[in-house]
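# Descriptive analysis of the structure
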Amino acid sequence: MDPDYSAQDVARCDLCKTAIAQSYCDFCHVNLCKPCIGDHISDEYDKHKIVPIHQRKSTLIYPKCQTHKNEECKYQCKECNISICFDCLASKHHNKEHEFVKLEEVYNTKKEQIQSDTEELENQILPAYEEIANELEMQIASLDGKYKKLTTEMSKQREEIHREVDNAMEQMEKEIDEMKVKHHIILQRHLDYIKQLQSLMQQTLLAMIEIEESKVSKTIHFSSKNEEFSKLPPKVIASMPKFIPKQIQREELCSLIGKLTPLSTTLEETDFSPKKPNTSVRELLDQPEVLNTIKTGHGNLRSVTCLNEEQIWTSGETADIKCYNIQGVLQKTIRTKLWEYPDDIAVDRDGALLYSDWETRTVYRVKNDQTEEIITLQGWTPLNLCVTSSGDLLVTMCNDDETQSKVVRYSGSTVKLTIQFDDEGQPLYSFKYTIKYISENTNLDICVADNGAGAVVVVNQAGKLRFRYTGHPSPTKNKPFVPRGITTDSQGRILTADRDNHCIHILNTDGQFLRYIDNCGLKDPWGLCVDSNDSLFVCEYYKGNVQKIRYSK
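Residues numbered from 1 in each chain as written. Predicted model: local features only at pLDDT ≥ 70, side-chain atom pairs only at ≥ 80, totals over all residues. Heavy atoms only, no water.

## Describing the pairing of strand β11 (residues 330–335)
Formally: DSSP bridges decide pairing: two strands pair if at least two such bridges lie between them. Numbered from the N terminus, helices here are DSSP runs of H or I no shorter than four residues, and strands are runs of E no shorter than two.
With 5 bridges connecting them, strand β10 (residues 320–325) and β11 associate as antiparallel partners. Within β11, the position partnered with Tyr-324 by the bridge is Leu-330. Between the antiparallel neighbours β10 and β11 lie 4 residues, among them Gly-328 with a positive phi of about 95°.

## Some remarks on the packing of aromatic side chains
The condition is simple: Centres within 6.5 Å are what make two rings of Phe, Tyr or Trp a pair, Trp counting through its six-membered ring; a difference in plane orientation under 30 degrees is then read as stacked, over 60 as edge-to-face, and the rest as tilted. Think of it in three bands: residues with accessible area under 20% of the maximum for their type are buried, residues over 50% are exposed, and the middle band is partly exposed, with areas taken using a 1.4 Å probe on protein chains only. Comment: the charge-over-ring label is applied if NZ (Lys) or CZ (Arg) is within 6 Å of the ring centre and within 35 degrees of the ring normal.
For the structure shown, the criterion picks out 6 aromatic pairs. Each ring, one from Tyr-469 and one from Phe-481, has its centre 5.4 Å from the other, and the planes form 75°; the classification is edge-to-face. Here Tyr-469 is found in strand β23 (residues 465–469), whereas its partner Phe-481 is found in the loop between β23 and β24 (483–488), with 12 residues between them in sequence. With respect to class, Tyr-469 is no different from Phe-481; both count as buried. Taken together, Trp-526, Tyr-541 and Tyr-542 form an aromatic cluster joined through their ring pairs. The ring of Trp-339 carries Arg-335 above its face, with NZ or CZ at 4.3 Å from the centroid.

## Considering helix α3 (residues 103–212)
Put simply, the rule is: The span one expects for a helix is its residue count, reduced by one, times 1.5 Å. We define the bend at any residue as the angle between the axes fitted to the seven residues before and including it, ending there, and the seven starting there.
For α3, which comprises 110 residues, the first-to-last C-alpha distance of 156 Å matches the rise-based estimate of 164 Å (1.5 Å per residue) to within 8%. Of all bends in α3, the biggest is about 45°, found at Leu-121. What α3 keeps buried is the set Leu-103, Val-106, Asn-134, Met-138, Ser-142, Ile-161, His-183, Thr-204 and Ile-211.

## Things to note about a negative patch on the surface
Stated precisely, the cut-off is as follows: Here the term patch refers to residues with relative accessible area over 30% and no salt bridge, with like charges joined within 9 Å and nonpolar side chains (Val, Leu, Ile, Met, Phe, Trp, Tyr) within 5 Å. Note on areas: Shrake-Rupley with a 1.4 Å probe; residue coverage comes only from the protein chains shown. Salt bridges, as used here, are contacts in which a Lys or Arg side-chain nitrogen is within 4 Å of a carboxyl oxygen on Asp or Glu. Counting rule applied: Lys, Arg positive; Asp, Glu negative; His and chain ends not counted. To locate a charge, take NZ of a lysine, CZ of an arginine, CG of an aspartate or CD of a glutamate.
A surface patch of like charges, here negative, comprises Asp-166, Glu-170, Glu-173, Glu-175, Asp-177 and Glu-178. Tracing the sequence through the fold places Glu-178 in helix α3. Exposure remark for Glu-178: the relative accessible area of 49% places this residue in the partly exposed category.

## Comments concerning the pattern of salt bridges
Applying the stated criterion across every chain yields a total of 22 salt bridges. Asp-286 serves as the salt-bridge partner of Arg-515, at 3.3 Å between the closest nitrogen and oxygen. Separated by 229 residues along the polypeptide, Arg-515 in strand β27 (residues 513–517) and Asp-286 in strand β7 (residues 284–295) bring together distant segments of the chain. Between Asp-500 and Arg-484 there is a salt bridge; the shortest N-O distance is 3.8 Å. Of the two residues, Asp-500 is situated in the loop between β25 (494–498) and β26 (503–507) and Arg-484 in strand β24; the sequence distance between them amounts to 16 residues. The class of Asp-500 is partly exposed, set by a relative accessible area of 25%. Looking at Arg-484, the relative accessible area reads 8%, which means it is buried.

## Examining helix α6 (residues 250–257)
Of all 8 residues in α6, 0 are buried; the element is thus mostly exposed. Immediately downstream of α6, the backbone of Gly-258 shows phi near 140°, a positive value.

## Let's talk about a nonpolar patch on the surface
On the surface, a cluster of nonpolar side chains totalling about 650 Å² of accessible area is made up of Ile-140, Leu-143, Tyr-147, Leu-150, Leu-260 and Leu-263. The residue Leu-150 is located in helix α3 in this model.

## Re the nonpolar core
Condition: Joining through side-chain atoms within 4.5 Å is the link that ties buried Ala, Val, Leu, Ile, Met, Phe, Trp, Tyr and Cys residues into a set, and such a set is a nonpolar core. Any two residues whose heavy atoms approach within 4.5 Å at even a single point are treated as in contact.
Counting residues in hydrophobic clusters, the biggest one holds 25 residues, and the most contacted among them are Val-304, Ile-312, Ile-486, Ile-494, Phe-537 and Val-546. Elements that contribute at least two residues to this core include exactly β8 (301–306), β21 (446–450), β22 (455–459), β23, β28 (525–530) and β29 (535–540). Considering every element that reaches this core, the biggest residue donor is β8, with 3 residues. Not counting chain neighbours up to four residues away, the residues in contact with Val-304 comprise Ile-312, Trp-313, Thr-314, Gly-527, Leu-528, Cys-529, Phe-537, Cys-539 and Val-546.

## Description of unusual backbone geometry
Backbone geometry at Asp-369 places phi at a positive 65°, although glycine is not the residue there. Within the secondary structure, Asp-369 is located in the loop between β14 (362–367) and β15 (370–376). One non-glycine residue, Glu-402, lies in the positive phi region at around 55°. Look at Glu-402 and you get partly exposed, because its relative accessible area is 31%.

## Points about the confidence of the model for the protein
What counts here: Residue-level confidence of the predictor is summarised by pLDDT, bounded by 0 at the bottom and 100 at the top.
When pLDDT is averaged along the protein, the result is 87; 93% of the residues meet or exceed 70. Long-range and interchain partners of residues 1–8, a stretch whose pLDDT sits below 50, account for 11 contacts in this model, where long-range means more than four residues apart.

## Digging into the side chain of Lys-406
Structurally, Lys-406 can be placed in strand β18 (residues 405–411). As a buried residue without a salt bridge, Lys-406 has its nearest oppositely charged side chain in Asp-400, at a separation of 11 Å. Apart from the residues lying within four places of it in its own chain, the contact partners of Lys-406 are Trp-380, Val-395, Thr-396, Met-397, Thr-418, Ile-419, Gln-420 and Tyr-429.

## Thoughts on the environment of Leu-136
Position of Leu-136 relative to the elements: it lies in helix α3. Leu-136 sits in the partly exposed class, given a relative accessible area of 46%. Through-space distance from the C-alpha of Leu-136 to that of Ala-462 is 8.9 Å; in sequence the pair is 326 residues apart.

So this is what it looks like as structure tokens:
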């Protein structure tokens, strides 16, 4: 194959249509293979310009002069902005007081400007638009979560109002019961009085019957009580209480419920400031070296994260999360809430420790010895954690029946983005409850070491798949690539732990393998992190040691 071309960019001869073109006619603008060059120039046309194909379109083809038909325009009038030939310049056909410049100079200047504009457009302006588009995609992806939170807050108000209405109605029902009892007592007392009078009248009636049948003495002493009895007792009139419902006014009800502010949108000017290239280039060392070994005493050491330049947090398959200085002196120990080992640990921008607990399905935050729950899941188990450059939290998780996995971006406890499927609707990550360490790159890519898939899966900040890395062929690495920990450095390089092959893979931002770290005596590397100086900290799973390694300069 012609060395000037890769497999993706092979030019074919425009004459024979089959052979690879090695040459180019810069006047006719056609690709030519060597055998076809003779056929092309056989017409004896003296303007043919054959150049190597990698130099195509490098020959200037000057325009013909409109005034002097056989002359080429090699000059340009700066005032009139038109091309002229030498005869125009020498004759009176053009104003001699005008300033002229060679077309070749104009061409070279414009070509430099085109190259500069192309570079600026590709490397600065387009990425700026990509960043804006990604931010909009993230905003759109987070709309469901934000509006769900809004309706949840309104539902809480609805429940509160329902509760208060129920309380008010229960109070009125209680008052009705009390009035009913009081009403009953009043009527019952009057009824008892009437019955007492009825009994007295019955006694009087029996006495009068007895007197009629008695001797004269009783009869002459009779005294009538009918006048007394004929004065009927007063009636008890108790008016029934009434419920008078208040007419519901919609406006008053809405003001009672609360106020919903309208959707407000504005356009804010975006200043374009070209990003300065990263001049602090750190090249990889041919021979990485171990700077220090920290013995943590952890059983099955899994995770390490930098608190600052002088301290690291570590965790393993025990309930204790330990903080060491870089000299290996224990500074502090925190015990998990239920004494279960954490799946992963991280440090937020305030220096607080975060840890995920698979037993409670909760992510905890520990600051000043105070522990709070920041995320609690239902039906999902949080696995591994990463605090992003913007302060968001990335969490890998698996559902209860191990049929789904995803990455969720949180701002506080609010879901901003869920990453689960590619553009074709296929799952991005393996299903099983397996290790899925996660890290954010300097270009804001999200990198996941998917242990179950045997791959490093990288998506952009909007969740679009960029690439999968499934290992690098090596005669000395005979075990399958099953990544554990993952981290990224200041150069955007991706580092992932290959425990079974006792090495670290280093990739560039596009997933191309650069080299191994395999000469430091590492055994069973697992969790990884780098500090601001690109010093690498590596957990040795069974040994319980953290190796501090310098791998770049």
